[in-house]
Protein chains: 2
Amino acid sequence: MDVLIEPIGKLVNEFSKLPGVGKKTAQRYAYKIIDMPEAEARAFAEAIVGVKKKVRYCSVCGNFTEKETCDLCLRREKKTICVVKEPKDVTAIEKLREFNGVYHVLHGVIDPMAGIGPNEIRVKELLARIGEGGVEEIIVATNPDVSGDATALYLARLIKPLGVKVTRLAHGIPVGSEIEYTDDVTLTRALVERNEL
Amino acid sequence: MDVLIEPIGKLVNEFSKLPGVGKKTAQRYAYKIIDMPEAEARAFAEAIVGVKKKVRYCSVCGNFTEKETCDLCLRREKKTICVVKEPKDVTAIEKLREFNGVYHVLHGVIDPMAGIGPNEIRVKELLARIGEGGVEEIIVATNPDVSGDATALYLARLIKPLGVKVTRLAHGIPVGSEIEYTDDVTLTRALVERNEL
C-alpha cells in the first residue's frame, strides 16, 4: 500500500482491522472519511473513543451498559433468565420484543479444545443469581454448535437439581425455507424434535 | 436501534455512513471496537482525525498530499500527464507501476444534467500546466461512461489545437473474461477499436 500517503495508509490499515474488511474496502472507507466535513469526521472519532470510555459490563447480567447495573436488570421481572454467549445475542433477542425476562451473558461457551471450561465463563455468577431465589426458568440460548450444545447440557445438569426449569431454544427448519435445501443436521433435529399438531 | 445503549447506537450510526455499510454490518464493526484494547481504539480514532488534519490537495495536480506539492509532481518527468476524475484513480494507476508521468485530478467530470460544466472541474489548471510548456501527451483516463466520454472529448478538442497529443485508455474485453459474457456496449467497442495483429 505504499502508493498511499502515510495518513491515508494508516487509516486504511485501521479500517482493515474490522471484521470482513479487506484492503480495497478499507480504502473506500478511508476516501469517504477524507470527503467528510471535518466536524463529521471528528464526531466519528469521538464515537469510537466514547464507546470505549462509556461502555462497560452490567455487574448483574454481563451485558453492555453505561451504568453499574443495566436498564434491563433494573426494570424487568427476574423469574426467567435467558442465558447467551455474547452481548450481541441480547440485541438479537431484544429486537423481537417477545421476551420479557432478564439475561445472563456468559462471555463465552465451554470449549475444552480452546481450554475454556466452566470457570472461564460466567457460570458462577449465574448460580449466584439463582441462589438469590425467585428464578423459575433458565432459557439457554447458546448457538446450536458443538460448544453451544455442550454448554447447554452442562448448565442443565448443574441447574435442574436446584429445582429450576432449564429450557433451550428450539432447533428446526428455518421459517420460509424449503425442506429440500435444509442441511442434514438441521433436518434430523427437526424430525427428532417434531411437535404434535 | 433503540435496543442498543446510546454510545453503541451512536457508533453504529457513524459506521452506517460508510459506503455499502448497513445497520447489521455497522453493528459488527461497533462490537469489534468494543472488544479492542482502549489504546487500539484510540489509535483508530486518531487515524480518522489525522487524515482530515494532514491530507490536502497538491497545488499542482490536485491529488492527495501532506505537503504543498505532492511527491509525484516533485519527482516525475512532466512530458506526460494522466488526467483522472478522482484521487482514487491515481492510486489505481500507480499500483500498476507502469506509468512514469504525472497526474492531473479533475475532481469531477463534465455532467450537464448535474450542472457540472468545465468551470466546475480543474480544466483551467490543466491548461495552465500545458501553457508552461514541455507537455507532449495528455492521457485521458476518465471512466468509460457518458460523462467520462464527454469530458474526454471536450479535453481533446480543447488541447489538440495546442499541439499536444491527446490519448484515451483503450476499451475492450477485460483480460481473462469471455466474449459470451461481455456486455453489448463493451463488445461493440472492442470490435470497433480492434487492433491489427
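In this text the structure is predicted, and so the values were computed from the model without any measurement.

A. Examining the overall build of chain A more closely. Helices and strands together make up the secondary structure of chain A, namely eight helices and six strands. Starting at the N terminus and ending at the C terminus, chain A contains elements arranged as α-α-α-β-β-α-β-α-β-α-β-α-β-α. Since a compact globule built from 197 residues should have a radius of gyration of about 16 Å, the 22 Å found for chain A marks it as more spread out than a globular shape. Across its three principal directions, the C-alpha atoms of chain A cover 65 × 50 × 35 Å. Partitioning the contacts of chain A with sequence separation of at least 6, the portion at a separation of at least 24 is 46%. Accessible area of chain A: about 11300 Å², with a carbon and sulfur share of 53%.

B. Inspection of the pattern of salt bridges at higher detail. In total, this model carries 22 salt bridges over all chains according to the counting rule given. One salt bridge connects A:Glu14 with A:Lys17, and the closest N-O pair in it is separated by 3.2 Å. Accessibility expressed as a relative area gives 31% for A:Lys17, which makes it partly exposed. For B:Asp71, the salt bridge goes to B:Arg75, with nearest N and O atoms at 3.4 Å. Of the two residues, B:Asp71 and B:Arg75 both sit in helix H4 (residues 71–75), four residues apart, roughly one turn of that helix. Overall, B:Arg75 belongs to the exposed group, its relative accessible area being 68%. Shared partners join several salt bridges into a network, and the residues in it are A:Asp149, A:Arg168, A:Arg189 and A:Glu193.

C. Structural view of the interface of chain B and chain A. Each partner contributes residues to the interface: chain B has 48 residues there, and chain A has 49 residues. If you sort the residues of chain B by the area they bury against chain A, B:Val3, B:Ile48 and B:Lys52 come out on top, with a joint share of 13%. At the boundary of chain B with chain A, the tally comes to zero salt bridges. There are seven residue pairs in polar contact (both at pLDDT 80 or more) connecting chain B and chain A. Among the elements of the structure, helix H1 (6–15), helix H2 (23–35), helix H3 (38–54), strand S2 (64–65) and helix H5 (87–94) of chain B are those that each provide at least two residues to the side of chain B that touches chain A. Element by element, the count of residues in the side of chain B that touches chain A is highest for H3(B), at 15 residues. In terms of residue class, the side of chain B that touches chain A is built from 26 nonpolar, five polar and 17 charged.

D. Broad picture of the environment of B:Tyr154. Residue and element names in this part refer to chain B. Residue position: tyrosine 154 is located in helix H7 (residues 146–159). Separated by 36 residues in the primary sequence, tyrosine 154 and proline 118 have C-alpha atoms spaced 8.6 Å apart. If we ignore the near neighbours within four places in the chain, the residues touching tyrosine 154 are Ile110, Pro118 and Val123.

E. Representation of the confidence of the model for chain A within the structure. Counting all residues, the mean pLDDT for chain A is 92, and 99% of those residues have values of 70 or more. With a pTM of 0.79, the predicted complex shows an ipTM of 0.80.

F. Molecular detail of helix H5 (residues 87–94) of chain A. Counting buried positions over the eight residues of H5(A) gives six, a clear majority of the element. Every buried residue of H5(A) is accounted for by A:Pro87, A:Asp89, A:Val90, A:Thr91, A:Ile93 and A:Glu94.

G. Broad picture of the relation of the copies chain B and chain A. Superposing chain B onto chain A requires a rotation of 180° together with a translation of 0.1 Å along the rotation axis, leaving an RMSD of 0.1 Å. Taken together, these values place the two copies in the relation of a two-fold axis. The C-alpha atom lying nearest the rotation axis in chain B is that of B:Ala45; the distance is 2.1 Å. Here 100% of the contact residues of chain B are again contact residues in chain A; the copies associate through an equivalent surface.

H. Fine view of the packing of aromatic side chains. One pass over the full model with this rule turns up 11 aromatic pairs over all chains. Seen from their ring centres, A:Tyr57 and A:Phe64 are 5.7 Å apart, and the 20° between their planes marks the pair as stacked. One aromatic cluster in this structure is built from A:Phe15, A:Tyr29, A:Phe44, B:Phe15, B:Tyr29 and B:Phe44.

I. Seen up close, the domain arrangement of chain A. Domain annotation for chain A reports domain 1 (6–54) and domain 2 (72–196). When each unit is reduced to the centre of its C-alpha atoms, the spacing between domain 1 of chain A and domain 2 of chain A is 35 Å.

J. Quick look at the sheet that holds strand S5 (residues 137–140) of chain B. Residue and element names in this part refer to chain B. If you trace the four strands from one edge of the open sheet to the other, you get S4-S3-S5-S6, paired in parallel fashion. The sheet is open, and its two borders are formed by strand S4 (102–105) and strand S6 (165–168), each paired with just one other strand. Averaged over all adjacent pairs, the angle separating strand axes in this sheet is 25°, with direction ignored.

K. Up close: the side chain of B:Glu137. Residues and elements named next belong to chain B. Following the sequence through the fold, glutamate 137 ends up in strand S5. Within the buried set, glutamate 137 has no salt-bridge partner at all; the shortest N-O distance to an opposite charge, 4.2 Å, is to lysine 165. Side chain to side chain, glutamate 137 and threonine 167 meet in a polar contact 2.8 Å long. Those residues in contact with glutamate 137 that sit more than four places away from it in its chain are Lys79, Thr80, Ile81, Val164, Lys165 and Thr167.

L. Expanded view of the sheet that holds strand S3 (residues 80–84) of chain A. All names here are of chain A. In spatial order, the strands read S4-S3-S5-S6; together these four strands make up an open sheet with parallel pairing. Each edge of the open sheet carries a strand with a single partner, namely strand S4 (102–105) and strand S6 (165–168). Neighbour to neighbour, the strand axes of the sheet diverge by 25° on average, direction disregarded. With four bridges connecting them, strand S5 (residues 137–140) and S6 associate as parallel partners.

Cut-offs applied
Residues numbered from 1 in each chain as written. Chains lettered and ligands numbered in written order. Predicted model: local features only at pLDDT ≥ 70, side-chain atom pairs only at ≥ 80, totals over all residues. Heavy atoms only, no water. Helix = DSSP H or I, 4+ residues; strand = E, 2+ residues; numbered from the N terminus. Rg over C-alpha atoms; globule rule 2.2 N^0.38 Å. Contact = heavy atoms within 4.5 Å. Areas by Shrake-Rupley, 256 points an atom, 1.4 Å probe, with all protein chains shown as cover. Salt bridge = Lys/Arg side-chain N within 4 Å of Asp/Glu carboxyl O. Buried < 20%, exposed > 50% of the residue type's maximum accessible area, 1.4 Å probe, protein only. Buried area = accessible area lost by both parts, 1.4 Å probe. Polar contact = N/O pair within 3.5 Å; in protein donor to acceptor, adjacent residues only side chain to side chain. Nonpolar A, V, L, I, M, F, W, Y, C, P; charged D, E, K, R; others polar. pLDDT = per-residue confidence, 0-100. Least-squares fit on C-alpha atoms with pLDDT ≥ 70 in both. Phe/Tyr/Trp six-rings, centres within 6.5 Å; stacked < 30°, edge-to-face > 60°. Domains from an automatic or database assignment. Pairing = 2+ DSSP bridges. Axes fitted to C-alpha atoms, helices over the stretch in contact; angles between N-to-C directions. Lys, Arg positive; Asp, Glu negative; His and termini not counted.

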